Amino acid sequence: MDGNYDTEGTTGGTNSRLDMKHGFMKNIIKNQVARDNYDKEVKAKMTEKKQPAGKTKRPDIHTYVPPAKNKQASELQKSELLFKVEYEDENGKIIDFMVYKDDDPNTIARTFGTQQGLSAPMIKALAQRLTEEITQCLPASTT
């Protein structure tokens, strides 16, 4: 009887193995694949969560603002905007700046004129025009 084994594996010979085509085995294999996929998803989520969480979150740090700077910031907030000046230079570039209620027209004109290279009569004319505009805006803003 050497070499004569039953192909079904019922005789208990060396050829007897599990039948992989059986429905129970297919179900086991399907569950193993599903578990492996689930484990991969969980590991991927854990690594995503670890990267941002790796940095320790500190509470918001309040920075120190010196009293002089704090006073300047509060004065700028309290100052009321009157109008915006737009100036076009020789190259066609438009430069604009804001004029506030507490601004001095002569200081603004002198600063802007020196930055733009305006002549003294032009700076004086700008200061005069700014004074006129500020006086027109002030009565309208106080009522």
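*Asks:* Help me understand the pairing of strand 2 (residues 94-100) in this model?
*Replies:* Regular strands place side chains that alternate from one sheet face to the opposite one. Only one face of strand 2 is buried: it carries I95, F97 and V99, and the other face, with I94, D96, M98 and Y100, is open. The pairing of strand 1 (residues 81-88) with strand 2 spans seven bridges and is antiparallel. Residue pairing across strands places Y87 opposite I95, the latter belonging to strand 2. Here strand 1 hands over to strand 2 after five residues, with G92 in that stretch at a positive phi of 90 degrees.

*Asks:* Mind showing me how you'd approach the confidence of the model for the protein chain here?
*Replies:* Low-confidence regions, as indicated by low pLDDT, have predicted coordinates that should not be scrutinised in detail. For the protein chain, mean pLDDT is 76; residues scoring 70 or higher make up 71% of the total. Within the protein chain, helix 2 (residues 67-78) has the poorest average pLDDT of any element, 63, and helix 3 (residues 105-116) the best, 88.

*Asks:* Before we go on, may I ask you to explain the packing of aromatic side chains in this structure?
*Replies:* Here the distance between the centres and the angle between the planes together describe a pair of aromatic rings. Counted according to the given criterion, the structure contains two aromatic pairs. A ring pair is formed by Y87 and F112, whose centres lie 5.3 Å apart and whose planes are at 90 degrees; its orientation type is edge-to-face. Here Y87, found in strand 1, pairs with F112, found in helix 3; they are 25 residues apart in sequence, far enough to count as distant. A relative accessible area of 22% means that Y87 is categorised as partly exposed. Consider the rings of F97 and F112, whose centres lie 4.8 Å apart with planes at 40 degrees: the pair is tilted. Linking F97 in strand 2 with F112 in helix 3, this pair joins segments that are 15 residues apart in sequence. The residues F97 and F112 share a single accessibility class, namely buried. By way of ring pairs, the aromatic residues Y87, F97 and F112 are connected into one cluster.

Conventions adopted
- Residues numbered from 1 in each chain as written.
- Predicted model: local features only at pLDDT ≥ 70, side-chain atom pairs only at ≥ 80, totals over all residues.
- Heavy atoms only, no water.
- Buried < 20%, exposed > 50% of the residue type's maximum accessible area, 1.4 Å probe, protein only.
- Helix = DSSP H or I, 4+ residues; strand = E, 2+ residues; numbered from the N terminus.
- Pairing = 2+ DSSP bridges.
- pLDDT = per-residue confidence, 0-100.
- Phe/Tyr/Trp six-rings, centres within 6.5 Å; stacked < 30°, edge-to-face > 60°.

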